[in-house]
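For reference, the chains in residue letters:
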Amino acid sequence: MSGRLNFKYDTIIEDAVREIDELLISEYSISKKSISLLVLQRDKDMIDKIKKDEENNFSKIISIVETVERQYDKPLNYVISLNRQKKIGEISDKYIIRTEKKENSISDFLSGITMNITTGIPVLLLVLYFGLYQFVGKFGGGTIVDFLENDIFGKHINPLVNGLVSTYIPWNWLQELIAKDYGIITLGIRYAIALILPIVGTFFIAFSIIEDSGYLPRLAMLVDRIFKKIGLSGRAVIPMTLGFGCVTMATMVSRTLETRREKIIATLLLALAIPCSAQLGVIMALLSGQPRALLVWMTFMVSIFLFVGFLTARLMPGDKPSFYMEVPPLRWPKISNVLVKTYTRIHWYFIEILPLFIFASVMIWFGNLSGLFPFIINLMKPFVNLIGLPDETAKAFLFGFFRRDYGAAGLYDLQKSGLLSPRQLVVTASTLTLFVPCIAQFSMMIKERGAKSAVAMAAFIFPFAFLAGYALNKILIVFGVML
Amino acid sequence: MIKCGFCGHEFDEKDGVAACGCCPLHITCDKSKCPKCGFEISKEPAIIKFIKRKWSEYND
């Protein structure tokens, strides 16, 4: 036996549907109620269609939609979905018999903890502390980098390469291209293998465990309320989280966000305040020995993220985002899944960065040989001095223009030679993090948001990075913060 | 079939690849994009597929 479903939305929606229905004069292949509901949800295609077909009544229809919108504090597509979900719940409760599964009770309990604002934030801090600080920063960036950097490259590979090059190659320009201070092997390959590889490797292991456990959608639910204040929604957790892997790809993912306003805010915040895996790892490695410095860097970056997001959301008019999703179950990560995901990510990252690091080494070699590199460094010195940093950091900033992670790796060398105080280290790391990530990310901004928006964002980001660095340096000095 | 690590949606590999064409990094990238939420998921590497195939052949 089949029966017609008698489904009614709440009175306001039903009244609006009836009013719009009466104004629809043309013939349509689907019911007028469906059309009215799509219009209420601001479906772009349907609005374009009725604008054409109902020329005389179009302004009246839009006026009805606006009146209904004013009566709810949430977008109408969310309200309509809630109405439908309620009805579905009523139907399924009638015909589905639920049995309590005892084995899921721990999983349900943990799931609830991760999404509740009071317990979810401490859980998030624990994940960051053990996953990022201890595992990526101390183990990956400390223990493994020390071994590869000091024992393998410092004691064996670099002396061997320098010795071979000095013995068998008579030309100084070629010696400098392969070895010495900025050579392809002694700088480019050393950065890629001894610095970046252990850091991104441990980061990808931590990220794969988090991803496989089902924690990410819970994080989206947790931050939804905070993200709404900065013009985003929980859905933006996807590009933001992916940004910690690679900001270029995350910028492309921002197209999945609902409104143009959200897309622009997410792109700007990704380019400005989200460090990619390699940069994050190098910063963790640099600052993990000084927990207070790391805390200052983290607080500063979160503040900039929220401040710029809040400001952009206020300055940019647009629709309020809505967010709802089905949360998959929490589960134990499978070792095989974690290994496969980590292997794939490292494989991709390594193939991408090795040629770029070699290219950057060649550019720097060419810059040194032609005199361009010292000239640019001299130009940058007043700016780095202005934010309280020594002349030598200009080199790390120049590296940072190629790629943020390359600049951070340059910073690692500066710290090793003892040129920077903890305060200067925090200021440099913060300023570098705020830079536009790399040329690939900039080209993606142009592709996704258009040349005008991309150039405007870059024109904002570079001066803002120095200004923020200057402000941070002054704050640390004035308040006498000991790091 | 690939299962999305974010929303749990299961989809065919070709649906995931379709979304990546416009990305400048897709040539060297071994990931699929979830058609439902846009999250990136690592594809099973060829070497792992090869080992699995050999393992099942050996067991047969």
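This text goes with the structure placed above it.
Bear in mind the structure is a predicted one, so any value in this text is a computation, not a measurement. (Residues numbered from 1 in each chain as written. Chains lettered and ligands numbered in written order. Predicted model: local features only at pLDDT ≥ 70, side-chain atom pairs only at ≥ 80, totals over all residues. Heavy atoms only, no water.)

Undergrad: Teacher, can you tell me more about the overall build of chain A here?
TA: Counting its secondary structure elements, chain A contains 22 helices and 0 strands. With the C-alpha coordinates aligned to their principal axes, the bounding extent of chain A is approximately 90 × 55 × 50 Å. Here chain A holds 483 residues, and 50% of them are scored as buried. For chain A, the exposed surface amounts to about 23,800 Å²; the carbon and sulfur share of it is 65%. On chain A, the mean spot of the 50 positive side-chain charges and the mean spot of the 39 negative ones are 3 Å from each other. (Helix = DSSP H or I, 4+ residues; strand = E, 2+ residues; numbered from the N terminus. Buried < 20%, exposed > 50% of the residue type's maximum accessible area, 1.4 Å probe, protein only. Areas by Shrake-Rupley, 256 points an atom, 1.4 Å probe, with all protein chains shown as cover. Lys, Arg positive; Asp, Glu negative; His and termini not counted. Charge placed at Lys NZ, Arg CZ, Asp CG, Glu CD.)

Undergrad: Got a minute to help me understand unusual backbone geometry in this structure?
TA: Residue and element names in this part refer to chain A. Its identity is not glycine, yet Arg42 carries a phi of approximately 60°, on the positive side. Tracing the chain through its elements places Arg42 in the loop between helix H2 (32-40) and helix H3 (44-53). Using a relative accessible area of 35% as the deciding quantity, one classes Arg42 as partly exposed.

Undergrad: Sorry, what's going on with the side chain of Asn83 of chain A here?
TA: Residues and elements named next belong to chain A. With respect to the helices, strands and loops of the structure, Asn83 is situated in helix H5 (residues 76-95). The exposure class of Asn83 is buried, given its relative accessible area of 16%. Setting aside chain neighbours within four positions, we find Asn83 in contact with Phe7, Tyr9 and Asp10. (Contact = heavy atoms within 4.5 Å.)

Undergrad: Is there a simple way to think about the packing of aromatic side chains in this case?
TA: All names here are of chain A. This model, assessed by the stated rule, comprises 15 aromatic pairs over all chains. Ring plane angle 50° and centroid distance 5.7 Å describe the contact between Phe397 and Phe435, whose orientation is recorded as tilted. Here Phe397 is found in helix H18 (residues 393-402), whereas its partner Phe435 is found in the loop between helix H20 (422-434) and helix H21 (439-449), with 38 residues between them in sequence. Residues Phe397 and Phe435 agree in their burial class; the two are buried. Taken together, the ring pairs in this structure connect Phe383, Phe397, Phe435, Phe462 and Phe466 into an aromatic cluster. (Phe/Tyr/Trp six-rings, centres within 6.5 Å; stacked < 30°, edge-to-face > 60°.)

Undergrad: Looking at this structure, I do not really get the interface of chain B and chain A. What am I missing?
TA: Interface size, as often reported, equals the accessible area lost upon joining of the parts. Listed as interface residues are 25 residues of chain B and, on the opposing side, 31 residues of chain A. Summing both partners gives a buried area of about 2,500 Å² for chain B against chain A, and 72% of it is carried by carbon and sulfur. Across the chain B-chain A interface, the total number found is 0 salt bridges. Put simply, chain B and chain A have 0 residue pairs in polar contact (both at pLDDT 80 or more) between them. (Buried area = accessible area lost by both parts, 1.4 Å probe. Salt bridge = Lys/Arg side-chain N within 4 Å of Asp/Glu carboxyl O. Polar contact = N/O pair within 3.5 Å; in protein donor to acceptor, adjacent residues only side chain to side chain.)

Undergrad: Looking at this structure, I do not really get helix H16 (residues 335-370) of chain A. What am I missing?
TA: Helical geometry: 3.6 residues make up each α-helical turn, so side chains three or four residues apart lie on a common side. For H16 of chain A, with 36 residues, the first-to-last C-alpha span of 51 Å sits near the 52 Å given by 1.5 Å per residue. Just downstream of H16 of chain A lies Gly371 of chain A, where phi reads positive at about 85°. (Expected span 1.5 Å × (residues − 1).)

Undergrad: Where do I start with the pattern of salt bridges in this structure?
TA: It is possible for side chains bearing opposite charge to pair when their charged atoms get close. All names here are of chain A. Enumeration over the complete set of coordinates arrives at 14 salt bridges over all chains. Of the charged contacts in the structure, one is a salt bridge between Lys341 and Asp212, with a shortest N-O distance of 3.0 Å. Of this pair, Lys341 sits in helix H16 while Asp212 sits in helix H9 (residues 184-213), placing them 129 residues apart in sequence. By the burial criterion, Lys341 is buried, and Asp212 matches it. Note that Asp224 is salt-bridged to Lys228, the shortest N-O span being 2.8 Å. Taken together, the residues span about one helical turn, with Asp224 and Lys228 both in helix H10 (residues 215-229) at a distance of 4 residues. Classification of Lys228 by relative accessible area gives partly exposed; the value is 38%.

Undergrad: Sorry if this is basic, but what is going on with the nonpolar core here?
TA: Here is a general trend for soluble globular proteins: nonpolar side chains tend to be buried in one another's company. Residues Phe6 and Phe39 of chain B are the most contacted members of the largest nonpolar core, which totals 120 residues. Residues contacting Phe39 of chain B, with those up to four places away along its chain left out, are Phe207, Glu211, Leu216, Ile238 and Leu242 of chain A together with Cys4, Gly5, Phe6, Ser32, Lys33 and Cys34 of chain B. Core analysis: the second largest hydrophobic core is formed by 26 residues, Tyr28, Val39, Val68 and Leu76 of chain A among them. (Core = buried A, V, L, I, M, F, W, Y, C linked by side-chain atoms within 4.5 Å.)

Undergrad: I tried to follow the environment of Ala220 of chain A on my own but got confused; where do I start?
TA: With respect to the helices, strands and loops of the structure, Ala220 of chain A is situated in helix H10. Classification of Ala220 of chain A as buried rests on a relative accessible area of 0%. A C-alpha to C-alpha distance of 30 Å links Ala220 of chain A and Val427 of chain A, two positions 207 residues apart in sequence. Residues in contact with Ala220 of chain A, not counting those within four places in the same chain, are Gly234, Val237 and Phe323 of chain A together with Phe6 of chain B.

Undergrad: Could you clarify how one ought to interpret the environment of Leu132 of chain A in this entry?
TA: Residues and elements named next belong to chain A. The topology assignment puts Leu132 in helix H7 (residues 117-168). For Leu132, a relative accessible area of 15% translates into the label buried. Along the primary structure Leu132 and Phe207 are separated by 75 residues, whereas in three dimensions their C-alpha atoms are 9.2 Å apart. With sequence-adjacent residues up to four places away left out, Leu132 is seen in contact with Val127, Gly137, Phe203, Leu280 and Met284.

Undergrad: Mind showing me how you'd approach the side chain of Glu211 of chain A here?
TA: Examined against the element boundaries, Glu211 of chain A turns out to sit in helix H9. A polar side-chain atom of Glu211 of chain A sits 3.4 Å from a polar atom in the side chain of Lys341 of chain A. Here Glu211 of chain A is in contact with Leu216, Arg331, Lys341 and Arg345 of chain A together with Gly5, Phe39 and Glu40 of chain B, once residues within four sequence places are set aside.

Undergrad: Sorry if this is basic, but what is going on with helix H4 (residues 58-70) of chain A here?
TA: Residue and element names in this part refer to chain A. Its 13 residues place the ends of H4 19 Å apart at the C-alpha level, agreeing with the 18 Å of an ideal helix rising 1.5 Å per residue. Looking at H4, one finds that the buried residues are Phe58, Ile61, Ile62, Ile64, Val65 and Val68. Taken down its axis, H4 places every buried residue within 155° of arc, on the same side. Seen from the open side of H4, the exposed residues pointing more than 90 degrees away from its buried face are Ser59 and Arg70. (Arc of directions from axis to C-beta.)

Undergrad: So what exactly am I meant to see when it comes to a nonpolar patch on the surface here?
TA: Residue and element names in this part refer to chain A. On the surface, Ile117, Ile121, Leu125, Ile226, Val302 and Leu306 cluster together into a nonpolar patch covering about 440 Å² of accessible area. Per-element accounting of the nonpolar patch gives the leading share, 3 residues, to H7. Within the element layout of this structure, Ile121 appears in helix H7. (Patch = residues over 30% accessible without salt bridge, like charges linked within 9 Å, V, L, I, M, F, W, Y side chains within 5 Å.)

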